[in-house]
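Below are the chains, spelled out letter by letter.
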Amino acid sequence: MARRRLRVAVLYPRVMNLYGDRGNVMALQARAAARDVDLEVDSIEIGDGWAPDETDIVLIGGGQDREQRRVQADLHARSRALQDFRDADGVILAVCGGYQLFGRSYRDNHGGVLRGAGVFDMVSIHPGPRIQRCVGNVVALWEGDTLVGFENHGGRSYLNEGTIPLAEVVVGFGNNGGDGLEGARIRNAFGTYLHGALLPKNPRFADRLLQLALQRRYGENELVPLSDAAEIRAHAETLHRSLRGRR
């Protein structure tokens, strides 16, 4: 039987890689390799070509406002391609600054409005440099389980009516510190503020991305279970520390 192959496009990895978001790529590579799935990674920088039809997963990490301004025009030019990729059930994970830019717009800390890729029906607004940032560990309820990670963002994201949140906040700020929601999902596209990196500490979520990509490419999504002792320990330690800090 031929080995299965998946192709990952990482957008702007030299610019949008805050708080170890490169670890998400490494986690997917390790978990795919453990199942005899080859994961090919393409780094897409400003001005680079991208072949959506050959791509299974798109990743973008976080960046501060200045980094978001650097990539915004190039990303906006890819809006139609990214929306088509989403509508074709391509798998997407957008983190923090990348998550903000995958919405409809982001008003940055200087009041400038950055047009987003429109993958998620939401807007993000930075309330200004004098307003407290959303910083700290996060615990969120997700599909009968928990997601854990670290957030550090000044912007607040607001989902438009009908947009599905990724998870519900137990500890932390999440999208905006007010509505108790964290992240967004549409079809196989996921957005979140969680860094840390997200996928090494949340192996079930990492496997969900791989399963969706395999289902789309090959029509099957069976993954051999892994022991995940280190990943479960990292998840549990972050969960315990976050809940203890809440008390």
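Everything below is about the structure shown above.
Parameters at a glance
- Residues numbered from 1 in each chain as written.
- Predicted model: local features only at pLDDT ≥ 70, side-chain atom pairs only at ≥ 80, totals over all residues.
- Heavy atoms only, no water.
- Pairing = 2+ DSSP bridges.
- Helix = DSSP H or I, 4+ residues; strand = E, 2+ residues; numbered from the N terminus.
- Axes fitted to C-alpha atoms, helices over the stretch in contact; angles between N-to-C directions.
- Contact = heavy atoms within 4.5 Å.
- Parallel < 35°, antiparallel > 145°, perpendicular 65-115°, else oblique.
- Nonpolar A, V, L, I, M, F, W, Y, C, P; charged D, E, K, R; others polar.
- Core = buried A, V, L, I, M, F, W, Y, C linked by side-chain atoms within 4.5 Å.
- Buried < 20%, exposed > 50% of the residue type's maximum accessible area, 1.4 Å probe, protein only.
- Expected span 1.5 Å × (residues − 1).
- Phe/Tyr/Trp six-rings, centres within 6.5 Å; stacked < 30°, edge-to-face > 60°.
- Salt bridge = Lys/Arg side-chain N within 4 Å of Asp/Glu carboxyl O.

Notes on the sheet that holds strand S6 (residues 113-115)
The strands that make up a sheet pair up through hydrogen bonds in the backbone, lying either parallel or antiparallel.
Right, so step 1: Taking strand neighbours across the sheet as the criterion, the four strands line up as S6-S5-S7-S10 in an open arrangement whose pairing is mixed. The open sheet is flanked by S6 and strand S10 (156-159), the only strands paired with a single partner. Taken pair by pair, the neighbouring strands of this sheet meet at an average axis angle of 15 degrees, ignoring direction.
Right, so step 2: Here three bridges tie strand S5 (residues 105-107) to strand S7 (residues 122-125), and the two strands are oriented parallel to one another. Within S7, the residue paired with Arg107 across the bridge is Ile125.
Right, so step 3: Helix-sheet contacts for helix H2 (residues 65-77) involve S5 and S6, and the interaxial angle to S6 is about 40 degrees.

A short note on the environment of Phe85
Right, so step 1: By the element assignment, Phe85 lies in helix H3 (residues 79-87).
Right, so step 2: The sequence separation of Phe85 and Asp53 amounts to 32 residues, and the corresponding C-alpha distance is 8.1 Å.
Right, so step 3: The contact partners of Phe85, leaving out residues within four places of it in the chain, are Trp50, Pro52, Thr55, Asp56, Ile57, Val58, Gly90, Val91, Ile92 and Arg216.

A short note on unusual backbone geometry
Right, so step 1: The omega torsion across Gly196 and Ala197 is -15 degrees, close enough to zero to call that bond cis.
Right, so step 2: Here the phi dihedral of Tyr12 falls at roughly 55 degrees; this positive angle occurs in a residue that is not glycine.
Right, so step 3: Inspection of the secondary structure assignment puts Tyr12 in the loop between strand S1 (4-11) and helix H1 (22-33).
Right, so step 4: Residue Tyr19 is not a glycine yet carries a positive backbone phi of 55 degrees.
Right, so step 5: Structurally, the position occupied by Tyr19 is in the loop between S1 and H1.

Notes on the packing of H1 against helix H6 (residues 203-218)
Right, so step 1: Two numbers describe how H1 lies on H6: the axes approach to 10 Å, and their chain directions differ by 75 degrees. When the interaxial angle is binned, H1 and H6 end up roughly perpendicular. Contact with H1, carried on its side by Leu28, Arg31 and Ala32, involves Pro203, Ala206, Asp207 and Leu210 of H6 and no other residues of that element.
Right, so step 2: The class makeup of the residues in the contact of H1 with H6 is five nonpolar, no polar and two charged.

Topic: the sheet that holds strand S3 (residues 57-60)
Right, so step 1: Strand order across the open sheet formed by six strands is S2-S1-S3-S4-S14-S13, with mixed pairing between neighbours. Among the strands making up the open sheet, the edge pair consists of strand S2 (37-44) and strand S13 (184-186). Adjacent strand axes in the sheet meet at a mean angle of 15 degrees, parallel and antiparallel pairs treated alike.
Right, so step 2: Against the sheet, H1 touches S1, S2, S3 and strand S4 (91-95), its axis set at about 160 degrees to S2.
Right, so step 3: Against the sheet, H3 engages S3, S4, S13 and strand S14 (189-192), with an angle of about 125 degrees to S4.

Re the nonpolar core
Right, so step 1: Ranked by internal contacts, the top residues of the largest apolar core, which has 61 residues, are Leu93, Phe102, Phe120, Leu199 and Phe205.
Right, so step 2: In terms of residue count, H6 provides more of this core than any other element does, seven residues in total.
Right, so step 3: Apart from residues lying up to four places away in sequence, Phe102 is in contact with Leu11, Ile60, Leu75, Leu82, Ile92, Ala94, Ala117, Gly118, Val119 and Phe120.

Notes on H6
Right, so step 1: Under the 1.5 Å per step criterion, the end-to-end length of H6 is 22 Å for 16 residues, consistent within 8% with the ideal 22 Å.
Right, so step 2: Among all positions in H6, only Pro203, Phe205, Ala206, Asp207, Arg208, Leu209, Leu210, Leu212, Ala213 and Leu214 are buried.

Quick look at the packing of aromatic side chains
Right, so step 1: For the coordinates displayed, the defined rule picks out six aromatic pairs.
Right, so step 2: Seen from their ring centres, Phe190 and Phe205 are 5.4 Å apart, and the 90 degrees between their planes marks the pair as edge-to-face. One end of the pair, Phe190, is in strand S14; the other, Phe205, is in helix H6, with 15 residues separating them in the sequence.
Right, so step 3: Grouped by ring-pair contacts, the aromatic residues Tyr99, Phe120 and Tyr193 constitute a single cluster.

Quick word on the pattern of salt bridges
Right, so step 1: One pass over the full model with this rule turns up 24 salt bridges.
Right, so step 2: The closest approach of N and O atoms between Arg66 and Glu67, which form a salt bridge, is 3.2 Å.
Right, so step 3: Glu67 sits in the buried class, given a relative accessible area of 14%.
Right, so step 4: With a shortest N-O distance of 3.0 Å, Asp89 and Arg187 are connected by a salt bridge. Of the two residues, Asp89 is situated in the loop between H3 and S4 and Arg187 in the loop between S13 and S14; the sequence distance between them amounts to 98 residues.
Right, so step 5: Under the relative-accessibility criterion, Arg187 is labelled partly exposed at 43%.
Right, so step 6: Bridged by salt links that share partners, the residues Arg3, Arg5, Asp36, Asp38 and Glu40 form one connected network.

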